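Read off the chains here:
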Amino acid sequence: MRKSFIVIGAGLGGLATALRLAHRGHQVTVLEKTDQVGGRNREHRLNDCHFDGGPSLMMMLDPFRKLYRDVGERMEDHLQISLCDPSYRVFFADKSRIDGTPNVALMLEQIERLCGPAEAAKYPQFLGELAKLYHVAIPHFVRNNFPNPWSYASPAQLQRVLSTRMLGNLSKKVARTFKDERLQMLFSFQTMYLGLSPYDSPWVYGTLTYMEYGEGIWYPQGGLPAISQSVARLAEERGATIRLNAPVQRVDGKSVVLESGETLSGDIIISNSDLPYTERALENKTPKSFKYSCSAYVMYIDYQGTLPEMLHHNVFFGKDFRGNLNSLFHELKTPEDPAFYACISKRSQADRAPSGHENLFILVPCPNLDLPWDAETERITQNAVFDRLSSEVGFERSRIRGLESRTPLDWRNELNLERGAAFGISAEFIQSAFFRPDNRSKYNKSLYHVGASTRPGNGLPMVLISAELIEERLIREGVIADTYVLTPSTSFHPLKEKAP
Ligand SMILES: Cc1cc2nc3c(=O)[nH]c(=O)nc-3n(C[C@H](O)[C@H](O)[C@H](O)COP(=O)(O)OP(=O)(O)OC[C@H]3O[C@@H](n4cnc5c(N)ncnc54)[C@H](O)[C@@H]3O)c2cc1C
C-alpha cells in the first residue's frame with residue numbers, strides 16, 4: 001500500500017528520510033521553514049565568498065555511501081569527494097604545531113619531533129584501541145533502534161561494554177596513554193563536535209577520534225551543503241515534493257497546520273525539527289528537562305589577502321584548555337581565551353573565494369542560551385579570536401571586507417534549535433544510545449522523529465543513520481512493507497535500478 005508522509009524540516013535527516021521513503025514509492029511532502037534545504041548544513045554566501053553554513057568536516061563515509069547505495073545510486077556519481085590530508089593544522093598556545101593526519105607514518109614522525117620517541121611509540125596501540133572501539137560501538141550501539149531494554153542490556157551487549165571499557169572517562173583514558181598535554185588535547189577535543197567536554201565524556205566518543213585518525217576528513221566539491229542538495233535532488237527525482245518557506249505551526253494527529261493556516265494530512269508525520277522544540281511548540285507538550293549541548297558562535301569572513309600558514313581546517317587551542325571547557329560547560333561563562341576552529345575551504349576548491357581573498361569561517365564553542373547572548377559577548381569573543389589569529393598567522397583586521405555571524409540567538413530563531421544549542425540535546429551518557437529520546441512521539445502514534453536530538457545523535461553521519469533507523473522501524477512496526485510500490489509517477493524502476 002502506498003502511504004503518504006509529511007516530513008517537517010529539510011535538514012539532512014529529513015531529506016534522507018524523504019529520499020528513502022520516496023524511493024520505496026511512497027508519497028512524501030517535505031515542509032521546510034526557511035528558503036533553503038539543508039538546515040544546519042546549508043550554504044552561506046557573503047560578497048563573492050561561499051561558506052559551509054555549519055558543518056565543514058565530512059567524516060565516516062559509510063552512512064553516506066549506504067544512503068546512495070540503498071536508493072540504487074553510487075555516491076561518487078553525485079558527490080566529488082577528496083581526502084583533506086593533512087586533516088587539520090593544530091596551533092598550540094606555546095606556538096608549537098602539529099598536522100593531524102590519518103597517515104600513521106607521518107603522525108609518528110610528528111609526535112616524535114614534538115614530544116619524543118616514548119610518546120610516539122604509544123600511538124600505534126592507541127589507534128588500534130580506537131579502531132576496536134569504533135567497530136564495536138557503531139554497529140551495536142549506534143546503528144541500533146533499541147526496540148527493547150534487552151537490545152541494550154543483553155549479556156552480549158554488556159560484554160561489549162566491558163571489553164572496550166567504553167563507559168570509562170575519555171580524557172582520563174587519553175591522559176593515561178600520553179603524558180604530553182598537547183597530545184591529550186589532540187586526541188580528545190573531538191567531543192566538542194557533539195558540544196560536549198572531553199572531561200565529561202565517556203571513552204566511547206573516542207570513536208570520533210578514530211573517524212579522523214583512522215579514516216580521515218573528506219571534502220565534497222561545492223562544500224558540505226552539496227550533500228544536502230544532492231539528497232534533495234534525488235528525493236525530488238523519486239517524486240517527493242519539497243516546499244520551502246513553509247513553516248509548520250502545529251501537529252494535530254495525522255495533520256499539520258502551517259503558519260499560513262493551510263492544513264495538510266498524511267498517514268504518518270515525521271518531524272526533523274529539533275525534538276524538544278517539536279514537543280514544546282508543535283505538539284504543545286512540556287518536554288522533559290533535557291540537558292543541552294553548548295552552542296556555536298560562527299563568523300563568515302571575506303578576507304582580502306592570504307593566510308598561507310592556515311590549511312583548509314585549523315584548530316587553535318588556548319593556554320588553559322581545561323579552564324576554557326570549565327567556563328563553557330560548568331561555570332557558564334564566555335571563555336576569555338577560547339579554543340576555536342577555523343576553516344578556509346578555498347584550500348580544497350579555489351572558486352569558493354575570489355582571487356586574492358580567503359573565505360574564512362570561524363567557529364567558537366560558546367554557552368547556549370542558558371547564558372544570555374549580547375553584543376558585548378560577541379565583541380569579547382571576536383577580539384579574542386582576532387588577537388590570536390594576528391599573533392599566530394598574520395591576520396589583519398583592516399583586511400576584513402565583509403563579516404557576518406551566527407549566534408546562539410540565530411540558531412534558535414532561524415532553525416528552531418531549543419535554547420540555541422547548536423548541537424541539539426547533549427550527548428552525555430544519560431542522553432545517548434538507549435537513553436536518547438525515542439524516535440517515535442510519546443504523545444502521538446502517527447508522529448516520528450528524525451535528526452540530531454533523537455537516536456543515534458548529532459553529526460551528519462548520525463542523522464543519516466537516524467533516517468536508516470526510521471525506515472527500519474516503520475518496516476518492523478508494519479507501517480510500510482519492505483518492498484517497493486510502483487506508481488505511474490515513478491520515473492524509474494526501483495527494483496531494476498537497485499544497486500547490488
Ligand atoms: C556550527 C556547526 C558545525 C557543525 N559541524 C559539523 C561537522 O563538521 N560535521 C558533522 O558531521 N556535523 C557537524 N555539525 C552537526 C550537524 O550539522 C547536525 O548534526 C546536522 O546537520 C543536523 O541535521 P538534522 O537533519 O538533524 O537537523 P537540522 O539541520 O537542524 O534541520 C532541521 C530543519 O527543520 C527545519 N524546521 C524547524 N522547525 C520547523 C518548522 N516549524 N516547520 C518547518 N521546518 C522547520 C529547520 O529550518 C531545518 O531546516 C555541526 C553543527 C553546527 C551547528
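Residues numbered from 1 in each chain as written. Predicted model: local features only at pLDDT ≥ 70, side-chain atom pairs only at ≥ 80, totals over all residues.

Caption draft 1: Focus on the site of the ligand. Lining the immediate environment of the ligand, one finds 36 residues, of which Gly9, Gly11, Gly13, Gly39 and Gly451 sit closest. Only helix 1 (12-23), strand 14 (295-304) and helix 15 (460-476) provide two or more residues apiece to the shell around the ligand. The element best represented in the shell around the ligand is helix 1, accounting for three residues. Both domains that meet at the shell around the ligand, namely domain 1 (4-81 + 222-287 + 430-497) and domain 3 (292-415), each give it at least three residues. (Near = placed C-beta within 6 Å. Helix = DSSP H or I, 4+ residues; strand = E, 2+ residues; numbered from the N terminus. Domains from an automatic or database assignment.)

Caption draft 2: Representation of the nonpolar core in the model. Core analysis: the largest hydrophobic core is formed by 138 residues, its most contacted members being Leu15, Ala18, Ala235 and Ile362. Tallying contributions element by element places helix 15 first for this core, with nine residues. Excluding its chain neighbours within four sequence positions, the residues that come into contact with Leu15 are Ala10, Val37, Ser228, Val231, Ala232 and Ala235. (Core = buried A, V, L, I, M, F, W, Y, C linked by C-beta atoms within 7 Å. Buried ≥ 20, exposed ≤ 12 C-beta atoms within 10 Å, placed from the backbone. Contact = placed C-beta atoms within 7 Å.)

Caption draft 3: Just the domain arrangement of the protein chain, in detail. Structurally, the protein chain comprises domain 1 (4-81 + 222-287 + 430-497), domain 2 (102-215) and domain 3 (292-415). Spacing between the C-alpha centres of domain 2 and domain 3 amounts to 26 Å. Listed by partner, the interface residues are eight residues for domain 2 and eight residues for domain 3. For the side of domain 2 that touches domain 3, the class distribution of residues is five nonpolar, two polar and one charged. (Nonpolar A, V, L, I, M, F, W, Y, C, P; charged D, E, K, R; others polar.)

Caption draft 4: Structural detail: helix 3 (residues 104-115). Here helix 3 contains twelve residues, and its C-alpha end-to-end distance of 16 Å stays within 8% of the 16 Å for a straight helix at 1.5 Å per residue. One or two residues past the end of helix 3 sits Gly116, with phi positive at roughly 100°. (Expected span 1.5 Å × (residues − 1).)

Caption draft 5: Molecular detail of unusual backbone geometry. Following Asp85, the chain continues into Pro86 via a peptide bond in cis, with omega recorded as 5°. Relative to the helices and strands, Pro86 is located in the loop between strand 5 (81-84) and strand 6 (88-91). The omega angle of the peptide bond from Arg455 to Pro456 is -5°, so this bond is cis rather than trans. Note that Pro456 resides in the loop between strand 19 (447-449) and helix 15. Although it is not a glycine, Asn47 sits at a positive phi angle of roughly 50°. We classify Asn47 as partly exposed; it has 14 C-beta atoms within 10 Å. Positive phi, close to 45°, is recorded for Phe146, a residue that is not glycine. Examined against the element boundaries, Phe146 turns out to sit in the loop between helix 4 (117-142) and helix 5 (150-153). The class for Phe146 is buried, based on 20 C-beta atoms found within 10 Å.

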